Structures are given as C-alpha cells and as structure tokens.
Amino acid sequence: MRPDEPTVFVVDDDEAMCEALTWLLESQGLSVATYNSAEDFLSAYDPARPGCLVVDVRMRGLSGLELQARLVEQGCPLPIIILTGHGDVPMAVRAVKAGAFDFLEKPVDDQRLLERIRAALALDAERRQAALARQLALMRLQTLTAREQQVLDLVVAGKPSKLIAFELGIAEKTVEVHRQRVMQKLEVRGVVELVHLVLSLERRDHGPT
Amino acid sequence: MGARADDYHSLFDAVPIGLYRSTPDGRLLDANPALVHMLRYPDRATLLATPAAELYLNPDERARYLHRMQAEDVVVDFELQARCYDGSPIWVRARARTIRGPAGEILCYEGSAEDITARKQLEDELFRHHRSLEESVTVRTAELARLNLQLETELAERREVEQRLLAERDFSSRILEHSPAIMCSIAADGTTRFINAAGERLTGYTRAELVGRNWWRTFYPGNEHCQVERLFEAFRAGNVHGYEMALTTRAGEKRAISWSSINRHDADGTLTEVIGFGIDLTDRLQAEQLLRLQRDLCMSLGPITDLRRGLELVLDATCQVEGVDCGGVYVLNDATGDLELMCHRNVSVEFAAAAARLASDEAAHRLVMGGRPIYLHYSALPSTRAACEREGLRMLAAIPVLHEGQIIAALYMGSRSRDELPANARHALEAIAGRLGGTLARVRAEAARRLTEERFRVLSETAPVGIVLGDAVRGVVYANPCMERITGRSVANLMGDGWEACVHPDDVTALRQAVARTRDRDFELETDFRVCCPDGAVRWVHAHTATVSEQTAGLDLRVGVVQDITERVGAEEAARQHRDALAHATRVSTLGEMASGLAHELAQPLSAILYYARGCIARLQNGDWDAEDAIRALQKMAGQAERAGGFVRNLKAFVRNAEPQRVVADINAIVGEAVRLVAPEARARGVVVALDLQATVPSVVVDRIQIEQVCINLIRNAMDAASAKPRGARDVSVQTARTAARTVTVRVGDNGPGLPPNSNVFEPFFTTKPDGTGLGLPIARSIVEAHEGKLFIEVTGERGTTFAFTLPAAGEADHEAG
C-alpha cells in the first residue's frame, strides 16, 4: 500500500464487520485500513493520505458523529460515509448536514456501498486535485511585484487598461506590460481565466469548504 | 296388858292400813276396818267368814305366800292381787309374820295389807308411756341418724340405758331416779308436786325448792307463763305426746323439752294432777340445727356460681349458729396479701371494714393468717376493744378459710349475747369455713374456667376462620360454625373422619399423608388444599394445626385453624397473571425502546455475511482467489450467521409470552444474556458495561426470562444515568455475588449523578425519562419479590447509584427437582 494510494479507512468496533468489509473491498481492488475505534483512527490517521472514511455510527467511545465532528475541526477533507442501524435516520441527517458524504443504512447493499465508496474516493481525489491547483496558483501569485498585484486587482475588478493607467498615474502602455507579465506568471491564457483563478482563490480564502 | 290390848284394838281399828290375823288353814281370825274397807266387804263378819284362799285372785300366790311365811316367818312387801268382795281385783302390798307356839308350831299369821293399786296403775302407765316415748325417740333417732353420726352414738347410748332399764322388771323407782327424762307431777292448779333427779339437774332447782311452787311461773318467767298456762288448759283435755316447749332454767338458759303427759283424775273425774315426762332436746336440737344449717348451706352452695352470693349465703348461715349474731366475710387479695371485706351482717360497715385491719398487728391475726381459728373475749384484743364496745360485741371469732392449706378468706364473727361460744357452735363455724374454702376455690375455678370457656366459645363461634379440634383416634371432635360456612356442611357431618368427604379428591391423599405425619410427633402441619362444597363450589383453604396438650392414653389433642383463602388464592393468581402480563408487555415495550440497538446488533452479522459473500463472488469472478482465504471467509460467514441466529433466538425467548417457568439456573448466565441484549445500545451510547461475575455464586431457582428482564431494566436505567457523563466516561458495572449463606445478590451500578432526592423510583409511573413508562422498576421489583427476593437501592449519590436485588439460592431439593 503506497502512502499516496487512495485508501478506504473503515472504523467499526465490530471486528467481524471490519474483516468482512476488508474482504469485500479488497476483492474490488481497493486498499483498506481498519480501526476498532474512532480514537484508534484519530491517532493513526495522516491527513495527507487520500481515501475515504467508512464509519459505524454506534461505537464504544466516540460515536461516528463525534468522529466526524473531530475531523471537521481538524480540517480533514476525507469524505465520510456513515453506516447506520435501523431507526438512526435523524442522526444520519445531522451527519449529512455536518458535511458527511453519505449515510447508508445497514445492512448495506454491497453494490451501493462500493459505488458510494468509489464516488467518495473520486471526490477525495478531485478535492485533492483542486487543492493542489489552488496551492500552485497561490505560489504563483506570490511571485507578482507590488505593481503587478495592483494591476491584477484592478483587472479582476473589471476595469479597462485606460482607467487603470489613470488610477495608478502611469501610462496605458505600462499597464499593458504589467498585465502581460501577470498573465505569464500565473500561467493563464486570457483575462477570463485570470479572473476565474483569482476569484476561486478568494472564495477558498473566505467561504466554506 | 288390858290397856295395851285396848290400845292395840283402837289402833287396829283406826290405822288406815289393813291388818289381819289368819290361820295356816286359811281362816281369817281377825281383820281391821281398813282391810274390810279396802276389800270392800260390807262388814268384818262377812270378811271373816270368807276363806282366805278366796281373797287371792290367783290361788298360787297364796301358796307362794304361805311357803315364804313358813320358811322365813316374816315376809315384807309381798305384792299380790287380791279379790275384793265384789270380785274386782286390787293390788295389795302385804307384810306378815308367823306367830309360833312354844313348840314352834304355827299358831297364826299376823299381817298388814296396803292397797297399792293406784301405784301399780301409775307404774303401768309409766311403763306404757315410757314405751311410747321410746318409740318416738326411736323414730326421731332414725331421723337424726341421717344427719349426725355423733348424735346417733349419743342416742345409741341412751337407747342402751333405756333398754337396760326396760330389762329390769322393777323399774318404777329407778325410772324416777335414774331416767334421763324429766318426770314431774303438777297439780291442777299448777303447783309442782314432784320432780325427779333428772328434772333437778336440768332445771338447776332442787326438788325441795320446786315442790309447792307454781310450775309455770317458775319455768316460764315474765309473761311467758300466761301463754303456757293457756296451753295447759288444752293439756287438761287429754294426754299429750311429744309436745315441744322451751323452759328457762335457773341459770336463765332456754332448754327445749319434748313433753308427754298423762292426766290423773280422782274418783269424781276431777283432774287431780298432770304427770309430765320431758326429754331435753336442746342439745339435740342445736346439733340438729347446726347440721341442718350445714346441710342447707351445703345444698345452697352447691349450685352457686356467683362468689358474692355464695359468701352471703355462708354469712347468713354463720349468723344462725347459736350465739353468733354478726360478722363479715373477708377474701384474701392475692396481690396485696390483705383480707378484704366482701359482705357483712349486723355490724356497721366501718367496723366490718376495719375489723381485719384493726387486728392486723395482733398475734391473734397472725394465727388466723397461719390457718388457726381463734375465739377471743373482746377485751383480749386491745386494738379493737373500743370498737367492740361501740358495737356491743362480747366476743369475737376469727376463722380462717383454707384451701389446700393456704388461707384464701376468713370469717370474722361476733357475739353480743355470749362471752364464749359452745364447742358445737365452734365446730359448726369451722365446718362452715371448711365448706366455704371448697366452695370459694370451686367458684373461683369455675369462674376462671367459665371465662376461658366463654372466651373460647365467643372466639370460636365468631371467628372468621374455621377451628377444629381432634385427635388421631377420634378424628375431629369439634368444629366451629365458620367451618360450616367454609365446607357448606353441618358441623355434625365433619365429626370423626367426616371432614375427609369435603376435601377435593385430588388433594385428599396428600392431606391424609400430611395428617398421618403429624401423628407421631409434635409436628405443626401447615398446608393448602381445596374443599368441595355440596353446591359444587371449590374453595381453597389454608390449614394450620398444632398440638394443644398431652391427653390421656397418649393421645395429643390437636387444634386446627382453617382459613378460606379462595379469594386470596384467586387474587394471588390474578396478581401473578397480571404481573406476568405486565412483565411481558414491559419486555415488549423495552424491546421497542431498544429496537434500533437490536436492529444494529442483527444488521451487523448480516452485513458481514453479505460482504464476505460478495467478496468471494468478486474474487471467484476475477479468478483472483486463494482457497485458504476463501475457506477462512466462508468460516467467518458461518460464524456470523450463527451469531445472528443466536441473537434472534434470545430475542424471541425474551419477548415470548410463555408461562413463567422456574428452573435451576446460573445467575451469571442470565446476567450475561441480559448484557448481550443491551450491548448494542451500550455501544451506541458509548457506555462501558463492566462485568464482575463471581464464579462460585450459587444457582437460583427462577424464571430466566423474567430475571433477565430485571437485569436489562436495571442496566438500561444505569446506562441512562451514566449518559449524564460525556462519552468515554460512561461506566456501568454489573456484579454477582453470594452475600449470605443462602442469598445471591446482583448489583448494577452507574457513575451517573445519583437519583433526585425524595424520588420514589419504585412508584408506578415515576420516571425521569421523557419517554419512560415509569413501569420498569415497579415491575422489576414485583418480579424479584415473586421470587422471594428484594430489589432495592443500595447506594445513590453524586458518584452514582447502585441498584441491587437478591434471590434465594437454590436448595438441594431444588437441584434434585431440577
């Protein structure tokens, strides 16, 4: 199991369940790691590892929901699939509201479980991809000079070059040069792409994940 | 000589005694006028012409007379019957002497003759009257014989004396002098003419004092004689037999005399004298009276049941004893040891009440308390002297009333007329006291027995339970009215073995065996059985018998108490059914509450099975499989299937509405099952359930499901309480242990905040949970109590609460049965 290989983390205090899930998931070529309690998982988990979390809602010690809450606190991006027993629907709804990927009622149909696990893994991969891109963009943003940053802000604000030159008290030509350099540094091909990039970064900075 | 002859002749003619001379050949030579007159001849010549032999009524008598004359020369007091001129006989006392010539030849006889006819008649009458007297005495004696042995002896002596007297032919003077009877002669005017020695002794007067005095005035002082003299007039009319009159002696004593009399008249028929014969009856009458008194008392005390009434009878009887005229009865108070006045007669209540106390410091009193009767002149008791003087008492008698040697009462009697009591009066008092002792003891015993009997009767007849008495041989000998209500049969039908007929056929054998077991030893039988009433009703009864006392012939009397418990049995049965139904309902409801946990518990193995199966399929399809792995997976699947099946079985058993069944069970196993059922819920709630099961805990006899329910209820409550803590710190502990020789205790503890103060968690509908029914604990408690155990809060506080319940350990018999 390579550290960067997406892994299905199974947390269940029922050892038989852990074993059975492992048996099933491995038959589908998935990588599986099992934990007998939320505490075990929390102490062992490395947020860098991609994958998804399959957790039983009822456990000794921390419950599935409590584990979810901890992970959210820690900013862990793992998609969480919560397995519930009969009659735990209100609990499941709370879990989803709190950001769980999905909840499944036991006994869970294996196909559906696999499908959700794959979806969760895909989501995780996608998220990790997006996060990576954002990280790259931020690094590129940091290479801009102060003047280039000023020009960028005004371009994203939708102002034409002539107006930008007027506001900054520089020549329109100079504005055009800065703009070209910004586009080069940020590796965007046009203004539309540039605006999208900046806005997405800003959203990530302020909005919810 | 001539003058002497004249003198002689004048004397011969003048003396009032008949004189004569006769020849041996029977010729009268001479006779004086008195003899002529006596023999009623017209003149001396006629008499002298009569041959002497003709003058004798019986010729043999002349022959005897002559014979004695020839032999003795002088014959004195020869009594014979002479024939008078008119042929009538008279009694004559003759004396004569033989006149002999110089050669000793008999010349003639000289004699005197006295007419003693009157005396002879008197003697005859005396004899006759004595006879009749003797007869009346005999009759009386026979009467008295029944009453008094002492008197009989006395009378026998008297009879002996009288018989001895009768045996003597010559008794007239002896009778007069020695007869114990009074004999007297009273002239028509009442003058006493004669009285014999017995009369002197009795009256205390000498003969000389009495003769010539008026009889009536002498012996009937005051005005008494007037009545008696009138009576005397009646006496004159004829002879009197056995008339009782009391005369007053010189000493002033009244003596009761039984009089018989004969009247004597002169030739004109005029009453000359009354000859009286009196027998002193005083002693006999007194003895009789005392005897009668005792007999009457005895008879009247016999049926007496009231103590006070008895005492009054005794007191009345005592006051009738000669010389006794007042007194009181005192009964010993066992508590204080004092004699207490019960009733009194003829004395002031103050004196009577004080009498026992006044003398309490006297030696005499101590004698009485020690059981000795005392008779004292009033002056002998300094402490009561003044009081006696006020009451006019001359003597006091204190007679203890004993029972079995112990004083239980006392009679204090007094006399105003005497300084001392005669012996027979004392005896009478003591006899009465003796009688009272027996009666008092009997009355008290009867009263006590009656009280006991009455209490038993009231108890028995009004008791709301059946009561029977009986023994091994006779069976039932008593049954109270309630038994009739219980069995629907009359008491008569229950006697002997009759009761067996009312016992339910299914119970009769067991009951007979149980009864038989009680025959050998002092065994208390306590059993329930059914009774069939004639109307078809069946009643449950609870019978409890015990030995009352050792009886003769080695038989124990047993008493049985029979209680109709039909309603109770019905109510118990209904309560049991109700409890079981409620327990079941609660189990179902509990299961509902636990549903999600239970579903999870089921879903878990089912999911595992599914995953194993799909995993296998996928591997087989991919051709990417390893036989060993597959087998391992399949084994796991089987294990999970078994797990699910076992759980379902438990669940089914838990909710099944089966008839409760008591079996010998391991409490640890029951607790284990309960914990398994609540485990999912515990897991979900983050509660850690710690088990501490003692391996050596004894088995119990229980309905497994119900006890499991109790455990589940307690554990779930504990989990609720522990949930007040944050997850990870919620602890519940379950412990089993032997806490006493025959007790198993199960404890369920939590680390919650403790119960709210003053909360009665065992009250139905008490609940601290928003969706709780409030029935769990009450039902748990009723289940435990139905198993003869207790469910209680062992400890509650800030550090948590521990509930505990006990169960009796199974006995050896249970193991055998199990």
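See the structure printed just above.
The structure displayed is predicted, hence computed values, not measured ones.

Visitor: How should unusual backbone geometry be read in this particular structure?
Guide: Backbone phi values are negative for most residues with the exception of glycine, while trans is the configuration of most peptide bonds. Residues and elements named next belong to chain B. Even without being glycine, E404 reaches a positive phi, approximately 50°. Its location among the elements puts E404 in the loop between β14 (395–403) and β15 (406–415). Taking relative accessible area as the criterion, E404 reaches 72% and is therefore assigned exposed. Of note, E788 is a non-glycine position whose phi angle comes to about 60°, a positive value.

Visitor: Can you walk me through the sheet that holds strand β25 (residues 743–750) of chain B in this structure?
Guide: Strand pairs in the sheet, formed through backbone hydrogen bonds, run parallel or antiparallel to each other. Residues and elements named next belong to chain B. The mixed open sheet is built from 5 strands, whose spatial order is β22-β24-β25-β27-β26. Strands at the two margins of the open sheet, each flanked by one partner only, are β22 (687–693) and β26 (791–797). Neighbour to neighbour, the strand axes of the sheet diverge by 15° on average, direction disregarded. Here strand β24 (residues 730–740) runs beside β25; their pairing, made up of 8 bridges, is antiparallel. From the neighbouring strand, T736 faces β25, where its bridge partner is V746. Of the strands in this sheet, β22, β24, β25 and β27 (800–808) touch helix α24 (residues 667–684), which is tilted by about 175° from β22.

Visitor: Where do I start with the packing of aromatic side chains in this structure?
Guide: Aromatic ring pairs: the centre-centre distance and the angle between the two ring planes describe each pair. Throughout the structure, instances matching the rule amount to 13 aromatic pairs over all chains. With centroids separated by 5.2 Å and ring planes inclined at 75°, the aromatic side chains of A:Y35 and A:F41 adopt a geometry described as edge-to-face. Here the aromatic cluster, defined as three or more aromatic residues joined through ring pairs, consists of A:F9, A:Y35, A:F41 and A:Y45. Across from the ring centre of B:W91, 4.4 Å away, lies the NZ or CZ of B:K120, which sits over that ring. The aromatic ring of B:Y375 is capped on one face by B:R426, whose charged end is 4.4 Å from the ring centroid.

Visitor: What should I look at first to understand the nonpolar core in this one?
Guide: Soluble, globular proteins show a tendency: their nonpolar side chains are buried together. Residues and elements named next belong to chain B. If you look at the biggest cluster of nonpolar residues, it comprises 47 residues, and the most contacted ones within it are I667, I707, I715, V732 and F805. Considering each element in turn, this core owes the most residues, 10 residues, to helix α25 (residues 704–722). Among residues more than four places away in sequence, those in contact with I667 are V697, P698, V700, I707, T736, V744, V746 and L807. Among the nonpolar cores identified, the runner-up in size contains 34 residues, and V329, A428, L429 and A433 belong to it.

Visitor: Would you mind showing me how to read the interface of chain B and chain A here?
Guide: Taken residue by residue, the interface counts 30 residues in chain B and 31 residues in chain A. Taking both partners together, chain B and chain A bury about 2,600 Å²; carbon and sulfur atoms supply 58% of that area. On the chain B side of the contact with chain A, B:Y611, B:R619 and B:R727 bury the most area, a combined 26% of that side's loss. Applying the counting rule to chain B against chain A returns 4 salt bridges. Among the ionic pairs, B:R614 bridges to A:D110, the shortest N-O distance being 2.6 Å. Residue assignment for the side of chain B that touches chain A shows that the elements contributing at least two residues are α22 (595–622), α23 (627–655) and α24 of chain B.

Visitor: Looking at this structure, how should I read the environment of B:V688?
Guide: All names here are of chain B. Tracing the sequence through the fold places V688 in strand β22. Exposure remark for V688: the relative accessible area of 41% places this residue in the partly exposed category. Residues V688 and S733 lie 45 residues apart in sequence; the distance between their C-alpha atoms is 8.2 Å. If we skip the residues at most four places from it in the chain, V688 touches R730, D731 and V732.

Visitor: I keep staring at the packing of helix α13 (residues 307–320) of chain B against helix α17 (residues 423–462) of chain B and nothing clicks. Help me out?
Guide: The description of two helices packed together rests on the angle between their axes and the distance between the axes. Residues and elements named next belong to chain B. The interhelical angle for the contact between α13 and α17, taken along N-to-C directions, is 175°, at an axis separation of 11 Å. In terms of orientation, α13 and α17 fall into the roughly antiparallel class. Residues L307, L311, V314, A317 and T318 of α13 lie in contact with α17, whose contacting residues are L429, I432, L436, L440 and V443. The class makeup of the residues in the contact of α13 with α17 is 9 nonpolar, 1 polar and no charged.

Thresholds applied
Every chain is numbered on its own, with residues counted from 1 as its sequence reads. Each chain gets a letter, beginning with A, and each ligand a number, beginning with 1, in the order they are written. Per-residue local features are limited, in this predicted model, to residues with pLDDT of at least 70; the limit for side-chain atom pairs, both in listing and counting, is 80 or more; totals at the level of whole chains, interfaces and linings are taken over all residues. Values reported for side chains reflect all heavy atoms of the structure, with hydrogen atoms and water molecules removed beforehand. Comment: elements are numbered from the N terminus, with helices defined as DSSP H or I runs of at least four residues and strands as E runs of at least two. Exposure classes here rest on a 1.4 Å probe applied to the protein chains alone. A residue is buried below 20% of its type maximum, exposed above 50%, and partly exposed in between. Strand pairing follows a simple DSSP-based rule, namely that at least 2 bridges must link the two strands. Axes, fitted as lines to C-alpha atoms, cover a helix only where it is in contact. Angles between the N-to-C directions of the axes lie from 0 to 180 degrees. In what follows, residue pairs with any heavy atoms lying within 4.5 Å of each other are defined as contacts. Working definition: a ring pair exists when centres of Phe, Tyr or Trp rings (six-membered ring for Trp) sit within 6.5 Å. Plane angles under 30 degrees give stacked, over 60 give edge-to-face, the rest tilted. Whether a charge lies above a ring is judged from NZ of Lys or CZ of Arg, which has to be within 6 Å of the ring centre and within 35 degrees of the ring normal. Residues enter a nonpolar core if they are buried and are Ala, Val, Leu, Ile, Met, Phe, Trp, Tyr or Cys, with the set joined through side-chain atoms within 4.5 Å. Joining two parts hides part of their accessible area as seen by a 1.4 Å probe, and the buried area is that hidden amount summed over both. Note on definitions: salt bridges are taken to be side-chain nitrogens of Lys or Arg within 4 Å of carboxyl oxygens of Asp or Glu. Angle categories are assigned with fixed cut-offs, so that under 35 degrees is roughly parallel, over 145 is roughly antiparallel, 65 to 115 is roughly perpendicular, and the rest are oblique. Residues are grouped as follows: Ala, Val, Leu, Ile, Met, Phe, Trp, Tyr, Cys and Pro are nonpolar; Asp, Glu, Lys and Arg are charged; all remaining types, including Gly, are polar.

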